[in-house]
Amino acid sequence: MKNDIPVYDIQNFKAYKNDGILVSRFGHYAQQHQHLHSAHRHSFFHLVFFTQGSGSQQIDFKRFGVKPGLIYFMVPGQVHSWDFETAPDGYIINFSSDYLSSFLLQPNYLENFSFFNGQPDSQVILLPAETQAKLVAIFEDILKEGQNEKPINDDLVKTLLLRMFIEVARSTNIMHTAPGSSYNHTLLKNFQRLIDQNYAQLRLPKQYASLLYITPNHLNALCNDFLGQSAGTLIRERVILEAKRLLINLDLMVAEIATRLNFADQSYFIKFFKKYEGITPEKFRKLNTTPHGTK
């Protein structure tokens, strides 16, 4: 099989004195890992808080500015790239998917926070000045723990990490209802997981409703209530997102991508993509693989 977009594991980076996490000042990290400026994926959670710098970044093909006071969060599997105009600095934390699981009774605790929902518009946040100051203090405490000659207190680092998430959520009023407190919220999360697992094979809301043991009308209603979108739209957007991720891999022909996504033929895939994106797959590829498209 031809190579896809590069996927980096937490093991690809020098760890922060223990397994499962990397913490660094961002300026140093960006200089050390120039290859990460172009499009790539992570198999881990990733966040950056900028204290200086300008330019832009893309998260799943949505472009956002870079400026001091901005923090962004990413979940495993998203495609990301940077294009800096002036030297950036700040803080970066990468942590594995199971880093917090042994510390928390709720395995899906991060779903409390909408900035971990995998939707780029919720993941990039410009913080108020008061919250920025709090986060700088937290980042510095985490870095000091890593520089300590004594064995690292992993529970302290995890506690500081959770405090950071809560401070960001409080400052922006974007903390979700806790998982389990709402039956419909749990159903929605399960639906989103099923889409991620089955988007290439299952395209109809009624197929997912059957897996969830609810009616298609119930599924559509809860999607509209929580997200303002139909169930069919969520499925379609996941297919299109994966198509975009595959299209920026120049080793893959459009016909191969159509096959991977389970379209009957290349022509149908092209019509589907153009209908919802307004351009052909080849045009999208050209726009997003030029020197200014994927940096």
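What you are looking at is a predicted structure, and each value in this text was computed from that prediction instead of being measured.

Some points on the confidence of the model for the protein
Reasoning step 1: Averaged over all residues, the pLDDT of the protein is 86; the fraction at 70 or higher stands at 91%.
Reasoning step 2: Taken as a whole, residues 175–181 scores under 50 in pLDDT and shows 15 contacts with residues more than four places along the chain or in a different chain.

Describing the pattern of salt bridges
Reasoning step 1: If you walk through the whole model with that rule in mind, you get 12 salt bridges.
Reasoning step 2: Where Asp154 meets Lys158, a salt bridge forms, and the shortest distance between an N and an O atom there is 3.4 Å. Placement of both Asp154 and Lys158 in helix α4 (residues 154–172) is noted, with a separation of 4 residues, approximately one turn of the helix.
Reasoning step 3: Lys158 gets classed as buried once you look at its relative accessible area, which sits at 6%.
Reasoning step 4: One salt bridge in this structure joins Glu167 and Arg163, with 3.7 Å as the shortest N-O distance. Note that Glu167 and Arg163 are positioned in helix α4 at a spacing of 4 residues, about one turn of the helix.
Reasoning step 5: In this structure Glu167 comes out as buried when scored by relative accessible area, which is 13%.
Reasoning step 6: What you see here is one network of salt bridges that share partners, running through Arg41, Asp60, Asp196, Arg238, Glu242 and Arg245.

Observations regarding the nonpolar core
Reasoning step 1: Within the largest apolar cluster, 39 residues are counted, with the highest numbers of intra-cluster contacts made by Phe191, Tyr208, Leu219, Cys223, Leu261 and Phe269.
Reasoning step 2: Breaking this core down by element, the ones donating at least two residues are α5 (183–198), α6 (205–212), α7 (216–227), α8 (231–247), α9 (254–260) and α10 (266–277).
Reasoning step 3: Non-local contacts of Tyr208, meaning those with residues more than four positions away in its chain, are made with Phe191, Leu194, Ile195, Asn198, Tyr199, Leu202, Leu219 and Ile235.
Reasoning step 4: Among the nonpolar cores identified, the runner-up in size contains 35 residues, and Val23, Phe73, Phe113 and Leu160 belong to it.

Structural notes on the pairing of strand β4 (residues 45–59)
Reasoning step 1: Where burial is concerned, most of β4 is hidden: 12 out of the 15 residues are buried.
Reasoning step 2: One ladder, built from 13 bridges, connects β4 with strand β7 (residues 79–95); its direction is antiparallel. Note that in β7 the partner of Ser54 across the bridge is Thr86.
Reasoning step 3: With 4 bridges joining them, β4 and strand β6 (residues 70–74) adopt antiparallel strand pairing. Bridged to Phe49 within β6 is Ile71.

Some details on the packing of α5 against α6
Reasoning step 1: Where α5 contacts α6, the two axes come as close as 10 Å, and the packing angle between them is 120 degrees. Judged by the inter-axis angle, α5 sits oblique to α6. Once α5 is placed against α6, the crossing between them reads as right-handed. Contacts from Leu187, Asn190, Phe191, Leu194, Ile195 and Asn198 in α5 reach Tyr208, Leu211 and Leu212 in α6.
Reasoning step 2: Of the residues belonging to the contact of α5 with α6, the class tally is 7 nonpolar, 2 polar and no charged.

Let's talk about the packing of helix α3 (residues 129–147) against α4
Reasoning step 1: One way to put it is that α3 packs onto α4 with a least axis distance of 10 Å and a crossing angle of 170 degrees. It follows that α3 is roughly antiparallel to α4 by the angle criterion. Between α3 and α4, the residues in contact are Thr131, Lys134, Leu135, Ile138, Phe139, Asp141, Ile142 and Glu145 and Leu156, Val157, Leu160, Leu161, Arg163, Met164, Glu167, Val168 and Ser171, respectively.
Reasoning step 2: Each residue belonging to the contact of α3 with α4 can be placed in one class, and the counts come to 10 nonpolar, 2 polar and 5 charged.

Focus on α7
Reasoning step 1: Given a rise of 1.5 Å per residue, 12 residues ought to cover 16 Å, and the 16 Å separating the end C-alpha atoms of α7 matches this to within 8%.
Reasoning step 2: Among the residues making up α7, those that are buried are Leu219, Leu222 and Cys223. For α7, the buried positions fall inside an angular range of 105 degrees around the axis, keeping them on one side. Summarising the geometry of α7, the exposed residues directed more than 90 degrees from the buried face are Asn217 and Asp225.
Reasoning step 3: Residues of α7 that are buried sit in contact with α5, α6 and α8.
Reasoning step 4: Directly after α7, the chain includes Gly228, whose backbone phi takes a positive value near 70 degrees.

Parameters at a glance
- Residues numbered from 1 in each chain as written.
- Predicted model: local features only at pLDDT ≥ 70, side-chain atom pairs only at ≥ 80, totals over all residues.
- Heavy atoms only, no water.
- pLDDT = per-residue confidence, 0-100.
- Contact = heavy atoms within 4.5 Å.
- Salt bridge = Lys/Arg side-chain N within 4 Å of Asp/Glu carboxyl O.
- Helix = DSSP H or I, 4+ residues; strand = E, 2+ residues; numbered from the N terminus.
- Buried < 20%, exposed > 50% of the residue type's maximum accessible area, 1.4 Å probe, protein only.
- Core = buried A, V, L, I, M, F, W, Y, C linked by side-chain atoms within 4.5 Å.
- Pairing = 2+ DSSP bridges.
- Axes fitted to C-alpha atoms, helices over the stretch in contact; angles between N-to-C directions.
- Parallel < 35°, antiparallel > 145°, perpendicular 65-115°, else oblique.
- Left-handed = near helix turned anticlockwise from the far one by under 90°.
- Nonpolar A, V, L, I, M, F, W, Y, C, P; charged D, E, K, R; others polar.
- Expected span 1.5 Å × (residues − 1).
- Arc of directions from axis to C-beta.

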